[in-house]
Amino acid sequence: MFEQSGQQALLDILVHLLFIGITWWAMQALNFDTFIRKGKVIQARVLFILVTLALASLVSNFFLAYLNYSTQLKYLF
């Protein structure tokens, strides 16, 4: 039982890290320069990181929930 929950925790961590990387890569395509005030570069970078983490969290939670639901379908029949 504990071995399976440890494997699930490792999978969750790896999926979250994967989607953080993918989201960071995808966010690089956006040009935020037009929305940044002069002298507010640090705040813009922090906002960029927070938006990346928020999007990655949404996508990875969706992926993990879908994976969990699909593995539990075997109990339907």
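Structure: above.
The present account deals with the structure reproduced in this document. All of these numbers come straight from a predicted model, not from anything done at the bench.

## Considering the overall build of the protein
When helices and strands are tallied, the protein shows two helices and zero strands. Whereas a compact globule of 77 residues would reach a radius of gyration of roughly 11 Å, the protein reaches 17 Å, over 25% beyond that. Along the longest, intermediate and shortest principal axes, the C-alpha atoms of the protein span 60 × 25 × 15 Å. In the form shown here, the protein has an accessible surface area of approximately 6,800 Å², with 70% of it arising from carbon and sulfur atoms.

## What about the packing of aromatic side chains?
As enumerated under the stated definition, the model contains four aromatic pairs in all. Among the aromatic residues, ring-to-ring pairing joins W24, F32 and F48 into one connected group.

## Topic: the side chain of T23
On the secondary structure map, T23 appears in helix α1 (residues 2–27). Setting aside its immediate chain neighbours within four residues, T23 contacts T52, L55 and A56.

## Thoughts on the side chain of T52
Topologically, T52 is positioned in helix α2 (residues 41–72). Taking the relative accessible area as the measure of exposure, T52 reaches 2% and is therefore buried. When neighbours within four sequence positions are excluded, T52 is seen to be in contact with I20, T23, W24 and M27.

## Quick notes on α2
Compared with an ideal rise of 1.5 Å per residue, which puts 32 residues at 46 Å, α2 spans 46 Å between its outermost C-alpha atoms and is within 8% of the ideal. Taken residue by residue, α2 has F48, T52, A56, S60 and L64 as its buried positions.

## Some words on the environment of I49
Inspection of the secondary structure assignment puts I49 in helix α2. Note on I49: relative accessible area 41%, which makes it partly exposed. For the pair I49 and T23, spaced 26 residues apart in the sequence, the C-alpha separation amounts to 10 Å.

## Quick notes on the environment of G39
With respect to the helices and strands, the residue G39 is situated in the loop between α1 and α2. The exposed category is assigned to G39, whose relative accessible area is 71%. Residues G39 and Y75 lie 36 residues apart in sequence; the distance between their C-alpha atoms is 57 Å.

Reading the values: the criteria
Residues numbered from 1 in each chain as written. Predicted model: local features only at pLDDT ≥ 70, side-chain atom pairs only at ≥ 80, totals over all residues. Heavy atoms only, no water. Helix = DSSP H or I, 4+ residues; strand = E, 2+ residues; numbered from the N terminus. Rg over C-alpha atoms; globule rule 2.2 N^0.38 Å. Areas by Shrake-Rupley, 256 points an atom, 1.4 Å probe, with all protein chains shown as cover. Phe/Tyr/Trp six-rings, centres within 6.5 Å; stacked < 30°, edge-to-face > 60°. Contact = heavy atoms within 4.5 Å. Buried < 20%, exposed > 50% of the residue type's maximum accessible area, 1.4 Å probe, protein only. Expected span 1.5 Å × (residues − 1).

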